[in-house]
Amino acid sequence: MKFFVDTAEIDAIAELNDLGMVDGVTTNPSLILKSGRDILEVTREICALVDGPVSAEVVATEADAMIAEGRKLAEIAPNITVKLPLTWDGLKACKVLSGEGKMVNVTLCFSANQALIAAKAGATFISPFVGRLDDINLDGMDLIADIREIYDNYDFDTEILVASVRSVNHVTESAKIGADVITAPPGVIKKLADHPLTDKGLDAFLKDWAKTGQKIL
Ligand code: G3P
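Scope of this entry: the structure provided in the associated data block. (Residues numbered from 1 in each chain as written. Predicted model: local features only at pLDDT ≥ 70, side-chain atom pairs only at ≥ 80, totals over all residues. Heavy atoms only, no water.)

1. Notes on the nonpolar core
- Core analysis: the largest hydrophobic core is formed by 56 residues, its most contacted members being Leu84, Val106 and Ile126.
- At five residues, helix α8 (residues 140–154) tops the list of elements feeding residues into this core.
- Excluding residues within four positions of it along the chain, Ile126 makes contact with Leu86, Asn105, Val106, Cys109, Ala115, Ala118, Tyr151, Thr158, Glu159, Ile160 and Leu161. (Core = buried A, V, L, I, M, F, W, Y, C linked by side-chain atoms within 4.5 Å. Buried < 20%, exposed > 50% of the residue type's maximum accessible area, 1.4 Å probe, protein only. Helix = DSSP H or I, 4+ residues; strand = E, 2+ residues; numbered from the N terminus. Contact = heavy atoms within 4.5 Å.)

2. Let's talk about the packing of helix α4 (residues 63–74) against helix α5 (residues 88–99)
- Relative orientation of the contacting elements α4 and α5 amounts to 45°, with a least axis distance of 8 Å. Judged by the inter-axis angle, α4 sits oblique to α5. Considering only the axes of α4 and α5, their crossing is right-handed. Where α4 approaches α5, its residues Ala63, Met66, Ile67, Gly70 and Arg71 are matched on the opposing element by Asp89, Gly90, Lys92, Ala93, Val96 and Leu97. (Axes fitted to C-alpha atoms, helices over the stretch in contact; angles between N-to-C directions. Parallel < 35°, antiparallel > 145°, perpendicular 65-115°, else oblique. Left-handed = near helix turned anticlockwise from the far one by under 90°.)

3. Thoughts on the side chain of Lys83
- Topologically, Lys83 is positioned in strand β4 (residues 80–85).
- The class for Lys83 is buried, based on a relative accessible area of 4%.
- Side-chain polar atoms of Lys83 contact the backbone oxygen of Thr27, separated by 2.9 Å. (Polar contact = N/O pair within 3.5 Å; in protein donor to acceptor, adjacent residues only side chain to side chain.)

Function cannot be read off these values alone, since they describe shape.
So this is what it looks like as structure tokens:
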């Protein structure tokens, strides 16, 4: 399963990239706002840092304007993935831009049928938002399992990019279901290494080591 980082913070991306944990990056208008950076400038910096797909989202809502914005974003670097909302205009833009050979990430997906039509429109990635479904007392992971089954039934190439990941459990469940990619905030990815028994065990080893009086170096 590939790990994308869901942020526009350069330092956080660089830190995880050095650890080999970054297969790509996703951004959205809210994350650009949070970064305080210019979208074109910060996206160019991310693309220079990361080899994998970097999603940059259009903000137009009408297909022709989305296509124009998508083409401009795609000029930033070859690894740009144009991110489009799951509306009929977004799908129309998806069809055109994917037809031009550009990578497209269709976002704000909340149902299996939305994922089905995004695949038919040629999406490279579909982004179902699991955390926001959990927020309204639905089970986001059920949606991931449904999309996996549907895509496998028909051999769709569209990759399932689990988004709105809020916990390490979302990551485990995504891997068990066989999602292609998760995108998570840096804080969630960093928590994947945490276990209280690891901390406890290391503490005990270090205390015993100190008692030996030995040194390795
Ligand atoms: O990738 C989409 C993600 O940024 C949304 O996450 O936590 O705002 O629902 P969240």
